[in-house]
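Architecture at a glance
Each chain, written out:
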Amino acid sequence: MGKIKPIISIIVPVYNVEKYINRCIDSILAQTFSDFELILINDGSTDKSGSICEYFAKEDSRVKVIHINNGGVSNARNTGIAVAHGDYLMFCDSDDYVEINWCRELYESIKLGGNILPVSGIRFVYQIRKNKEEIIKAFPNKASFDKRNYFETYKKGLSGSLCCKIYDRKIIVENSIFFDTNVNRGEDLLFNLTYMSHMDSFVTIPTITYNYVHSNEYSLMNGYRKDLFDISVRVYYAWKDYLKQHNVGREQLQEFATWYYLNFLNLFKNTFDERNKDKLINKLIYNNRILNSSVFIECIELADTSKEDSRYIKLLKTNNYYLVWFLEQAIKVKKYLVSNKNFFRLSYFKKN
């Protein structure tokens, strides 16, 4: 008799995570829902990650290990999709861990039928050196939303994450929905937007099922990125295409533009991150490129900037970042002088 296929295939890319992989696998094997296969894709690890995965495979028949040459997380996930047998797919990152109800909460929602994408809550755990901080991102109630409203998940910080969702494998395979191996940031959001286009709605689950661990302050998620603007542009156009494809109204497009306008302002700060060793003039040139880009100009024209300083908005619309930077420096000097006026007065009287 052939082996009955599992209901869920859980895909975990693994690369040099010997410190964390035990915690990740243990949390998955402890699920209250047990009808799954766990596919560990060892992406050319050079530490003990591969042998740790093999140990778990010997201990639990649900665990399968595939060793491949290092090709990046997108390639590893695509490999997992290709060998998966479950009706549904779930994804987990190897340095994170899940709650015992992770599978059950998501499966209970999707098994009700219909083209829906369940979205649960995430606990973001920031463990930097000796400091620990937790941030919860979740919808407050269980509710169903039309796919035209998927941008709501972006506002909650849940649109891109794969790990708080469950996917219909048949839809993925039949529509050739895979991860772009040429993209190393934002690839999960691009995948979700493509998948969501084949859905009718998404369902919010307020339960926290996943723990997203930030233990490295210089990781891809937290660190300075030289190409952050290019990544943001790619994601911006993906969102724009998605919203236009589903005929959202002008109000939603304005809200989208407002969020991305603020995102692009943060890119200016990213350029001046202490880890960027470029000369000042190169930083100014880079930010001037952002300010003159068609995407930034489009955002600031459509965005709701009524709550912003009108003089600052006018300055941004001159498309001259050098003026913007000089104004920001002048404001900083003024604030410094005001905050230290008592010090200067005391210094004057001491001298006299």
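Okay, so let's go over this structure.

What counts as what
- Residues numbered from 1 in each chain as written.
- Predicted model: local features only at pLDDT ≥ 70, side-chain atom pairs only at ≥ 80, totals over all residues.
- Heavy atoms only, no water.
- Helix = DSSP H or I, 4+ residues; strand = E, 2+ residues; numbered from the N terminus.
- Buried < 20%, exposed > 50% of the residue type's maximum accessible area, 1.4 Å probe, protein only.
- Contact = heavy atoms within 4.5 Å.
- Areas by Shrake-Rupley, 256 points an atom, 1.4 Å probe, with all protein chains shown as cover.
- Lys, Arg positive; Asp, Glu negative; His and termini not counted.
- Charge placed at Lys NZ, Arg CZ, Asp CG, Glu CD.
- Pairing = 2+ DSSP bridges.
- Right-handed = clockwise from strand over helix to strand, strands pointing away.
- Core = buried A, V, L, I, M, F, W, Y, C linked by side-chain atoms within 4.5 Å.
- Phe/Tyr/Trp six-rings, centres within 6.5 Å; stacked < 30°, edge-to-face > 60°.
- Lys NZ or Arg CZ within 6 Å of the ring centre and 35° of its normal.
- 1 Å grid on protein atoms, 1.4 Å probe; cavity = no way out; pocket = protein on both sides within 12 Å on 5 of 7 lines; lining within 4 Å.
- Points joined across faces, edges and corners; volume = space filled by probe spheres on them.
- Axes fitted to C-alpha atoms, helices over the stretch in contact; angles between N-to-C directions.
- Parallel < 35°, antiparallel > 145°, perpendicular 65-115°, else oblique.
- Nonpolar A, V, L, I, M, F, W, Y, C, P; charged D, E, K, R; others polar.
- Arc of directions from axis to C-beta.
- Expected span 1.5 Å × (residues − 1).

**Remarks on the overall build of the protein chain**
Assigned secondary structure in the protein chain consists of 14 helices and 10 strands. Its C-alpha atoms put the protein chain at 95 × 50 × 35 Å along the principal axes. Burial status across the protein chain gives 47% buried among its 352 residues. By sequence separation, contacts in the protein chain at least 24 residues apart represent 78% of the contacts at least 6 residues apart. Carbon and sulfur atoms make up 52% of the accessible area of the protein chain, which amounts to about 18,400 Å² in all. One finds the centroid of the 48 positive side-chain charges in the protein chain at a distance of 9 Å from the centroid of its 41 negative side-chain charges.

**Let's talk about the pairing of strand β1 (residues 8-14)**
Across the seven residues that make up β1, a large majority, seven, are buried. Burial along β1 is two-sided: the face carrying I8, I10, V12 and V14 and the face carrying S9, I11 and P13 are both buried. Where β1 lies against strand β2 (residues 36-43), seven bridges are found, and the strand directions are parallel. By the bridge assignment, I10 is partnered in β2 with L38. Crossover β1 to β2 through helix α1 (residues 21-29) is right-handed. Where β1 and strand β4 (residues 88-91) come together, four bridges link them in parallel fashion.

**Notes on the nonpolar core**
Grouped together as the largest cluster of nonpolar side chains are 104 residues, with contacts concentrated most on I8, I10, I28, L38, W102, W239 and L316. Setting aside residues up to four positions removed in sequence, L316 forms contacts with Y261, L265, F268, L291, F296, I300 and V324.

**Some words on the packing of aromatic side chains**
Counted by the stated rule, this structure contains 36 aromatic pairs. Ring geometry for Y88 against Y107: centres 6.0 Å apart, planes inclined by 65 degrees, an arrangement best described as edge-to-face. Of this pair, Y88 sits in strand β4 while Y107 is found in helix α4 (residues 102-110), placing the two residues 19 residues apart along the sequence. For Y107, a relative accessible area of 14% corresponds to the buried category. Relative to F191, the ring of Y167 lies with its centre 5.5 Å away and its plane at 75 degrees, an arrangement referred to as edge-to-face. A residue pair is termed long-range when its members are at least 10 positions apart, and Y167 in strand β9 (residues 167-168) and F191 in helix α7 (residues 187-196) qualify at 24 residues. Take Y167 and F191: they sit in the same class, and that class is buried. A cation sits over an aromatic face here: R77 above F179, 5.4 Å from the ring centre. Seen from the ring of F124, K137 lies directly overhead, with NZ or CZ sitting 4.6 Å from the centre.

**Regarding the layout of surface pockets**
Roughly 410 Å³ of volume is contained in the second largest pocket. For the second largest pocket, the lining is made up of 16 residues, of which K269, Y312, Y321, E328 and K332 are closest to its centre. For the lining of the second largest pocket, the secondary structure elements donating two or more residues are α9 (250-271), α12 (310-316) and α13 (321-339). The element contributing the most residues to the lining of the second largest pocket is α13, with eight residues.

**Side note on the packing of α9 against helix α10 (residues 280-291)**
Put simply, α9 and α10 touch, their axes get as near as 10 Å, and they point 170 degrees apart. As judged from the angle between their axes, α9 and α10 are roughly antiparallel. On α10, the residues touching L267, F268 and T271 of α9 are K283, Y286, N287, I290 and L291. Among the residues forming the contact of α9 with α10, the class breakdown is five nonpolar, two polar and one charged.

**With respect to α4**
Of all the positions in α4, only W102, C103, L106, Y107, S109 and I110 are classed as buried. The buried residues of α4 occupy one face: seen down the axis, they fall within an arc of 160 degrees.

**Some thoughts on α13**
Taking 1.5 Å per residue, 19 residues should reach 27 Å; α13 reaches 27 Å between its end C-alpha atoms and fits that length. Taken together, the buried positions of α13 are occupied by Y321, V324 and W325. Buried residues of α13, viewed axially, fall in a sector of 95 degrees; they line one side. Away from its buried face by more than 90 degrees, α13 exposes F326 and K334. For α13, the secondary structure elements touched by its buried residues are α9, α10 and α12.

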